[in-house]
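# Overview (structure and organization)
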Amino acid sequence: MIEKISILLFTFLFFLLFGWWLFYLPLNTKKIKKIEEKFYKKLLTVCKKEQIYINFYDNIYELNEIKEEEYKLKNLSTGKLAVGRYVHLKPHYDSPLNRVNYKLPEIKLIKEENNVWTFAHELGHHFCVKNNDDDSEKGANRYIKTLAKQHLNIYERNCLRIHISVYFNR
Ligand SMILES: [Zn+2]
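Since the model is a prediction, treat every value here as computed from it, not as a measurement.

### Overview of the overall build of the chain
Scanning the chain from N- to C-terminus turns up nine helices and three strands. Its helices and strands taken in sequence order, the chain reads α-α-β-α-α-β-α-β-α-α-α-α from the N to the C terminus. Seen along its three principal axes, the alpha-carbon backbone of the chain occupies a region of about 75 × 40 × 25 Å.

### Concerning the sheet that holds strand β1 (residues 53-57)
Ordered by their spatial adjacency, three strands build an open sheet running β1-β3-β2, and the pairing between neighbours is mixed. Looking at which strands have only one partner, the edges of the open sheet turn out to be β1 and β2 (84-87). On average, each strand axis in the sheet is inclined to that of its neighbour by 20°, with strand direction left out of account. Here helix α6 (residues 116-132) sits on the sheet in contact with β2 and β3 (106-110), set at roughly 20° to β2.

### Some thoughts on the packing of α6 against helix α7 (residues 137-151)
It is at 7 Å that the axes of α6 and α7 come closest, and there the two elements cross at 105°. Taken as axis vectors, α6 and α7 run roughly perpendicular relative to one another. Between α6, through W117, A120, H121, L123, G124, H125, F127 and C128, and α7, the contact on the second element is made entirely by G139, A140, N141, Y143, I144 and L147.

### A short note on the packing of helix α2 (residues 29-50) against α6
Remark: α2 packs on α6, axes separated minimally by 10 Å, with the N-to-C direction vectors making an angle of 30°. By the angle class used here, α2 and α6 are roughly parallel. Regarding α2 and α6, the two cross each other, and that crossing is left-handed. When α2 is examined against α6, the residues E36, F39, Y40, L43, V46, C47 and E50 are found in contact with a partner set consisting of V116, F119, A120, L123 and H126. Here the residues of the contact of α2 with α6 sort into nine nonpolar, one polar and two charged.

Reading the values: the criteria
Residues numbered from 1 in each chain as written. Predicted model: local features only at pLDDT ≥ 70, side-chain atom pairs only at ≥ 80, totals over all residues. Helix = DSSP H or I, 4+ residues; strand = E, 2+ residues; numbered from the N terminus. Pairing = 2+ DSSP bridges. Axes fitted to C-alpha atoms, helices over the stretch in contact; angles between N-to-C directions. Contact = placed C-beta atoms within 7 Å. Parallel < 35°, antiparallel > 145°, perpendicular 65-115°, else oblique. Left-handed = near helix turned anticlockwise from the far one by under 90°. Nonpolar A, V, L, I, M, F, W, Y, C, P; charged D, E, K, R; others polar.

Encoded structure:
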């Protein structure tokens, strides 16, 4: 009898823990915010190491080098504008001197947004270009997972799981 109860109790606790890990954590917004902040800081140090210039723009129009009025006149939705950009030298021009002169490679972000996922995506472009000469959007999105693996532990990655997959499939 006691054996049966303990097995039942054990199973119950196991599923409770499992549910907490699988469903509760990824929806805990307070925790997620904290981990995102940590990830953001880590990405900043990666940029320093890689000698990438980061520039923050006031708004989405400035970042896309288009006037707000002009854009509204054309009646386009802002969904078509980039929320971040990665700019780099073509291999032919790439040299340490040109990098300093042109302040490249550069990541452009929007000041207010503070969006770690856009940041990770742009940094993904950097590594894809650097490692595989790949400038695809898919490659950059895929690299978000690699960056998360390098800079976050399994607990933190689990908390961000849903967010990572959203940006993954962008
Ligand atoms: Zn991109």
